[in-house]
Amino acid sequence: MTCPSFDQSDPHHRPRAERGASRLQGRLLILAMSLFAAGCDTFTFNPPRPPELTKKAATPRTSTGISATSSSAKVIEVVLMPRIESDVETLRTSAKLQAGMDTTRVQVTAPPEGAPASEQAELVRKAIARKPPVIVIEVPNAPDATLIAAAAEAQKAGVTVVTIGRRLTGSQAPASESASAAGPPMILVAHEELKPSAATLVADAMRAAKNGKIATDAGAVILVDPTVDALFQDRVNALRDVLKAAGVKKIEELPFAKTIKDGETKLVEYLKAHPETTLVFAVDAGGMLAADDATGVLKTDHRFVIAGYSSNEAARSQVMMGEYAALGVFGVDRLFRRAVNVAAGILKGSKIPERVEIEIPILESSETAGPPRMKVLPPDKPMMLQKGGASTEN
């Protein structure tokens, strides 16, 4: 049986105490439950094999249940950017689901977090030595010469290269121009052009500000976690360009360090120092949650609207309730799954265009929505109702 492809989004809005965790760790349980529901056996418990049967299992097995030496095992090599091991393991599981567990084996490798850029190029060369038909490469924001050279070596060896997010050539030329005469072209898997989605996000945010009778063009701030992915600056630039074209007088970028709490703290400090700012944008799920949490800290002291990009489609409810003016669904993990799916299609002989785009769906609040209702946190000593209607501090 071939398991269906999954496109799981980020986990639901988490309690504040749990929001500093890795953005990918919560998905592993979802994927495992999906497998169980689909009848797949990767996560099914099997008791220990009887001793008399262990001698018959001399042939090594892959994690997908296909013999590593079987001629029917088609291999997709995936080389990621430096990541923490828990994130790599989660993406490894996702890749197996996306490729099709009965016919395809996926080998996912990545340098450890903080490793030099040259280590990713070295992993690509090791993958080439295993002679796969396809290599999927996650491309950094500024790929160095060693990675570009390694991708060219793969092409010359007759390996189809699928890049995630952006092209992997020195000139960013079309794939047909970057390929060697004898090698296949590179295939790019990327999101659609960002300007239309950025324009919708800004328009919806300004409409919500107008509905709330607060300034629409005095100031905007863009929350940025520079570690979130290799494409964050593209989203920042798209939002900045649209805000500038809309006549917003002051546009600032506000970087924060990975955790949602840090984003919340820095945004609160910024808004207190810049009361004219009424538009808050974010480029990932962490930034959106940080902005949402800031409303609970500021309460009614500073009214602002929130919009931006996130991989968390579960935030639809927050859009419907008006906590977010609009949300563009954008996640590198979606690109990753599509790239593996494209690689599996290549193995099956499917004709794949040189650019495969993923749509950016926009979730929009109602036309009458205004700024989010400022959250008022409960007091330290809540009032308790006594008999007769009198109240007292607990």
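The present account deals with the structure reproduced in this document. Predicted model, so just to flag it, every value in this text is computed and none were measured. (Residues numbered from 1 in each chain as written. Predicted model: local features only at pLDDT ≥ 70, side-chain atom pairs only at ≥ 80, totals over all residues. Heavy atoms only, no water.)

Side note on the overall build of the protein chain
Here is the rule we go by: Under the scheme used here, helices are H or I runs from DSSP no shorter than 4 residues and strands are E runs no shorter than 2 residues, and both carry numbers assigned from the N terminus. Relative accessibility thresholds used throughout: buried, under 20% of the residue-type maximum; exposed, over 50%; partly exposed, between the two (1.4 Å probe, protein chains only). Throughout, a contact is declared for two residues whenever any of their heavy atoms are within 4.5 Å. Method for areas: the Shrake-Rupley scheme with a 1.4 Å probe, in which residue coverage is limited to the protein chains shown.
Along the protein chain, the regular secondary structure elements total twelve helices and 14 strands. Per-residue burial for the protein chain yields a buried fraction of 50% across its 394 residues. Here the contacts in the protein chain between residues at least 6 apart in sequence split such that 75% fall between residues at least 24 apart. A total of about 18800 Å² of accessible surface is found on the protein chain, and carbon and sulfur atoms cover 55% of it.

Points about the sheet that holds strand E12 (residues 362-364)
This is how the line gets drawn: When DSSP finds two or more bridges between two strands, those strands count as paired. Where helices are involved, their axes are fitted lines through C-alpha atoms of the stretch in contact, as for all axes, and angles between N-to-C directions lie from 0 to 180°.
Across the sheet, which stays open at both edges, the six strands sit in the order E7-E6-E8-E9-E10-E12 with mixed pairing between neighbours. The outermost strands of the open sheet, each flanked by one partner alone, are strand E7 (251-255) and E12. Direction aside, neighbouring strands of the sheet carry axes that sit 15° apart on average. Pairing of strand E6 (residues 220-224) with E7 involves five bridges; the strand directions are parallel. Looking across to E7, one finds that Ala220 is bridged to Ile251.

Section: the pairing of strand E11 (residues 355-358)
The two faces of E11 differ: Val356 and Ile358 on one face are buried, but Arg355 and Glu357 on the other face are not. Bridge count between strand E5 (residues 187-191) and E11: four bridges; the pairing is parallel. Looking at the pairing, Ala190 lines up with Glu357 of E11.

As for the packing of aromatic side chains
Stated precisely, the cut-off is as follows: Between 30 and 60 degrees the pair is tilted, below 30 it is stacked and above 60 it is edge-to-face, where a pair is any two Phe, Tyr or Trp rings, Trp via its six-membered ring, whose centres lie within 6.5 Å.
Under the definition given, this model contains one aromatic pair. Plain terms: the ring middles of Tyr309 and Phe330 are 6.0 Å apart, the flat faces sit at 70° to each other, and that makes the pair edge-to-face. Pair noted here: Tyr309 is in strand E9 (residues 305-310) and Phe330 is in the loop between strand E10 (326-329) and helix H12 (332-347), with a separation of 21 residues, a long-range link. Residue classification places Tyr309 among the buried residues on the basis of a relative accessible area of 0%. Note on Phe330: relative accessible area 6%, which makes it buried.

Let's talk about the side chain of Gln120
Quick reminder of the rule: Polar contact is the term for a pair of N or O atoms within 3.5 Å; when the atoms are in protein, one must be able to donate a hydrogen and the other to accept it, and sequence-neighboring residues count only if both atoms are side-chain atoms.
Within the secondary structure, Gln120 is located in helix H4 (residues 118-129). For Gln120, a relative accessible area of 2% puts it in the buried group. Polar contacts involving the side chain of Gln120 include one to the main-chain carbonyl oxygen of Leu80, which spans 3.4 Å. For Gln120, the residues in contact, after removing those within four places along its chain, are Val79, Leu80, Met81, Pro111, Ile137, Glu138, Pro140 and Leu147.

Quick word on unusual backbone geometry
Within the chain, Lys131 stands out as a residue other than glycine whose phi angle is a positive 55°. Examined against the element boundaries, Lys131 turns out to sit in the loop between H4 and strand E3 (134-138).

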